[in-house]
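Below are the chains, spelled out letter by letter.
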Amino acid sequence: MAYPRNLLAPDEDVVVDAHPHWKALVGPVVVSLIAIALIVLAWWWMDSVEWSDGVETGVGIAVGVIVAVLLVWLAVSPFIRWSTTHFVITDRRVIFRTGVFTKTGIDIPLARINTVQFRHGLVDRMFRTGTLIIESASDDPLEFDDIPNVEKVHALLYEEVIDALDGDDTPPRGTPAA
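In this text the structure is predicted, and so the values were computed from the model without any measurement. Numbering of residues starts from 1 in each chain and follows the order in which that chain's sequence is written. Note on the predicted model: pLDDT of at least 70 is required for a residue's local features to be given, and 80 or more for side-chain atom pairs to be given and counted; whole-chain, interface and lining totals, by contrast, use all residues. Each side-chain value is worked out from all heavy atoms of the structure, with water and hydrogens disregarded.

Caption draft 1: The arrangement of the overall build of the protein chain in detail. Runs of E in the DSSP output that reach at least two residues are strands. Runs of H or I that reach at least four are helices, and both are numbered from the N terminus. Per the secondary structure count, the protein chain includes 4 helices and 7 strands. Listed by position from the N terminus, the elements making up the protein chain come as β-α-α-β-β-β-β-α-β-β-α. Relative to a compact globule of 178 residues, whose C-alpha radius of gyration would be 16 Å, the protein chain shows 23 Å and is clearly more extended. For the protein chain, the spread of C-alpha atoms along the principal axes amounts to about 80 × 35 × 35 Å. The buried label applies to any residue whose accessible area, calculated with a 1.4 Å probe on protein chains only, is under 20% of its type's maximum; exposed applies above 50%, and partly exposed to all values in between. Among the 178 residues that make up the protein chain, the fraction classed as buried is 29%. Residue-level accessible areas treat just the shown protein chains as cover; the underlying method is Shrake-Rupley with a 1.4 Å probe. As displayed, the protein chain offers around 11,400 Å² of accessible surface, 64% of which is attributable to carbon and sulfur atoms. To get the radius of gyration, use the C-alpha atoms; to get the globule rule, take the number of residues to the power 0.38 and multiply by 2.2 Å.

Caption draft 2: Examining the pairing of strand S4 (residues 104-109) more closely. Where strand S3 (residues 93-98) meets S4, 6 bridges bridge the pair, whose relative direction is antiparallel. Residue pairing in the sheet places Ile95 in a bridge with Asp107 of S4. Hairpin connection of S3 to S4: 5 residues between the antiparallel strands, including Gly99 at a positive phi of 120°. Pairing between strands is defined by DSSP: at least two bridges between them are needed.

Caption draft 3: Region of the structure containing the environment of Val116. Within the fold, Val116 resides in strand S5 (residues 113-119). In contact with Val116, other than residues within four places in its own chain, are Leu132, Ile133, His154 and Leu157. In this description, contact between two residues means that some pair of their heavy atoms is separated by no more than 4.5 Å.

Caption draft 4: Summary view of helix H2 (residues 53-83). Helix span is expected to be 1.5 Å times the residue number reduced by one. Helix length check: H2, at 31 residues, gives a terminal C-alpha distance of 42 Å against a target of 45 Å (1.5 Å per residue), a fit within 8%. Given a residue, its bend is the angle between the two axes fitted to the seven residues that end at it and to the seven that start from it. Along H2, the largest kink reaches about 40° and is centred on Val72. What H2 keeps buried is the set Val67, Ala75 and Pro78. Tucked inside the fold, the buried residues of H2 contact helix H1 (26-48).

Caption draft 5: Up close: the sheet that holds strand S6 (residues 129-136). Taken in spatial order, the 3 strands of this open sheet run S5-S6-S7, and their pairing is antiparallel. Single-partner strands in this sheet number two, and they are S5 and strand S7 (142-148). Here the strands of the sheet are splayed against their neighbours by 25° on average, with no regard to which way each runs. In this structure, S5 lies alongside S6, joined through 6 bridges in antiparallel fashion. Along S6, the bridge assignment pairs Gln117 with Ile133. Throughout, an axis means a line fitted to C-alpha atoms (over the contacting stretch in the case of helices), and angles, computed between N-to-C directions, take values from 0 to 180 degrees.

Caption draft 6: Up close: the layout of surface pockets. For each structure, a 1 Å grid was placed over the protein atoms alone; sets of points admitting a 1.4 Å probe that cannot get out are labelled cavities, open sets with protein on both sides within 12 Å along at least five of seven lines are labelled pockets, and lining residues have an atom within 4 Å of a point. Grid points are joined across faces, edges and corners, and a volume is the space filled by probe spheres set on the points. Each pocket or cavity is described by its volume, and for the second largest pocket that value is around 150 Å³. Lining the second largest pocket, in full, are Pro20, Ala24, Thr85, Phe87, Phe96, Glu143, Phe144, Asp145, Asp146 and Ile147. With 5 residues, the single largest contributor to the lining of the second largest pocket is S7. Residue classes in the lining of the second largest pocket are distributed as 6 nonpolar, 1 polar and 3 charged. Basically, the charged four are Asp, Glu, Lys and Arg, the nonpolar ten are Ala, Val, Leu, Ile, Met, Phe, Trp, Tyr, Cys and Pro, and anything else, Gly included, counts as polar.

Caption draft 7: Representation of the side chain of Ser136 in the model. Here Ser136 shows up in strand S6. Look past the residues within four positions of Ser136 in its chain and what remains in contact with it is Ile108, Arg112, Ile113 and Asn114.

So, in structure tokens, the structure goes:
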């Protein structure tokens, strides 16, 4: 789902609109697969044990509730967090938003950005992702993890910062020159 355009200023153009990289969902997918395997194993075990109907039903309900809570906590919640996290670069600012019930966000005007860095290790390079580090005029550096194509985003952000500082009068992307 793209960042809502109605939350942008008039004539503000989006340069980058990204969620965290899909590798952030590998853990929840593995947890889901393990949970499914455990459910099948528990069902097979319960079927092989001779219990009274009441005890079997009680144990089945208890196991089902525990598995459901763990799945929501360890698999569904990270997916929702991933899908509601937006990293957006426009021609005026960097926008970061996350959250479902409690939304948090930060906007950094391009003119206040001093330094743009990126960091990615071997695994991140294999997945073409990394951490983008933005240092603004008065704040500690902000780190944005799991940014897809971090080197390209770094270059685009640097270009936009230079344009903002120079007061570049070139027309926004997608509009013909006068």
